[in-house]
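Examining the three-dimensional arrangement
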Amino acid sequence: MWLPGHVALALLLCLPLLWLYRSKKGSYLLPLAFVAFFSVLPDFLHFDTGLRTVSHSLMGATVLAVVLLVVMWKVFGTGWVLQVIAVVAVYVHLLGDLYIGHIYPYYPFSTEYIQNHQFNTVFDLRFEIIISTIATLVIITIYALDRKGFRLDGVASTDLRSMLTIVLPFAALCLAQVGYFGILDILQDYTWSAAILGLFFLALLSLSLLWAMKIYRAIQKDHGYSSNESRHYLF
Ligand SMILES: [Zn+2]
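Residues numbered from 1 in each chain as written. Predicted model: local features only at pLDDT ≥ 70, side-chain atom pairs only at ≥ 80, totals over all residues.

Let's talk about the overall build of the chain
Of regular secondary structure, the chain possesses nine helices and zero strands. Taking 2.2 N^0.38 as the reference for a compact globule, 235 residues should give roughly 18 Å; the C-alpha atoms of the chain span a radius of gyration of 18 Å, in line with that estimate. On the principal axes, the C-alpha backbone points of the chain span a range of 55 × 40 × 30 Å. Among the 235 residues that make up the chain, the fraction classed as buried is 37%. Looking at the chain alone, contacts between residues at least 24 apart form 76% of all its contacts between residues at least 6 apart. (Helix = DSSP H or I, 4+ residues; strand = E, 2+ residues; numbered from the N terminus. Rg over C-alpha atoms; globule rule 2.2 N^0.38 Å. Buried ≥ 20, exposed ≤ 12 C-beta atoms within 10 Å, placed from the backbone. Contact = placed C-beta atoms within 7 Å.)

What follows is the structure, given as structure tokens:
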């Protein structure tokens, strides 16, 4: 599955946890960053077949997530709701690639892979367009009903740093996949489905870059480097 499908699937399945975090801490932004980053975590090791085998196995994905979460807990004091979101998002990635693509669930005990549908077919693109559309409508509705939950103003300084640490690599992976998708599906084998999924790709790329920029400015403001007194909303 491509990046938009993974993010959409994890977002939809993590909604109760997002609401839980919002009710405890007053913001959707940090849990959203966790959903985005951890929903694509195994694909950071996608550039090599061997590494992909490791990161797309139950054991590899678990070790990867646990190591990162321990580091984030030590550095930023990441709480349990965010940790659960991260673990759910990582396993949802494996579920997504199990449905469309392939995973090696039993590695290192076996290199047998499991596949239900082939990656990057018209079915794949249409499936990802449908779940991305649903996820977009859900997030727009939440934003319309509860705009305060998307404010960067009230977010603690440590949480801002934690957010930037994962939003930046997410944006970088998004950029890399946009390039790969563009060559493969737009330049070589253009279809309307590819064009529509390409729009979701571009939306996620622009949003993550804008998000990173806003977080950076909010961190600067926290340090008193900025004289801008206006409120920092994500949009
Ligand atoms: Zn994957």
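Things to note about the nonpolar core
Judged by nonpolar contacts, the single largest core of 60 residues is most densely connected at Ala 33, Phe 34, Val 35 and Ala 89. Elements represented by at least two residues in this core include exactly helix H1 (3–13), helix H2 (15–25), helix H3 (29–39), helix H5 (58–76), helix H6 (80–99), helix H7 (122–145), helix H8 (157–187) and helix H9 (192–222). Once you skip the residues sitting within four places of it in the chain, Ala 33 turns out to touch Met 163, Ile 166 and Val 167. (Core = buried A, V, L, I, M, F, W, Y, C linked by C-beta atoms within 7 Å.)

Digging into the packing of H7 against H9
Axis separation between H7 and H9 bottoms out at 9 Å; the angle between their running directions is 40 degrees. If you check the angle between H7 and H9, you find them oblique. Here H7 and H9 pass one another in a crossing that is left-handed. Residue-level inspection shows Val 122, Leu 125, Arg 126, Glu 128, Ile 129 and Ser 132 of H7 in contact with H9, the latter providing Ser 193, Ala 194, Ile 196, Leu 197 and Phe 200. For the contact of H7 with H9, the residue count by class is seven nonpolar, two polar and two charged. (Axes fitted to C-alpha atoms, helices over the stretch in contact; angles between N-to-C directions. Parallel < 35°, antiparallel > 145°, perpendicular 65-115°, else oblique. Left-handed = near helix turned anticlockwise from the far one by under 90°. Nonpolar A, V, L, I, M, F, W, Y, C, P; charged D, E, K, R; others polar.)

Observations concerning the environment of Leu 202
Examined against the element boundaries, Leu 202 turns out to sit in helix H9. With 15 C-beta atoms packed within 10 Å, Leu 202 lands in the partly exposed category.

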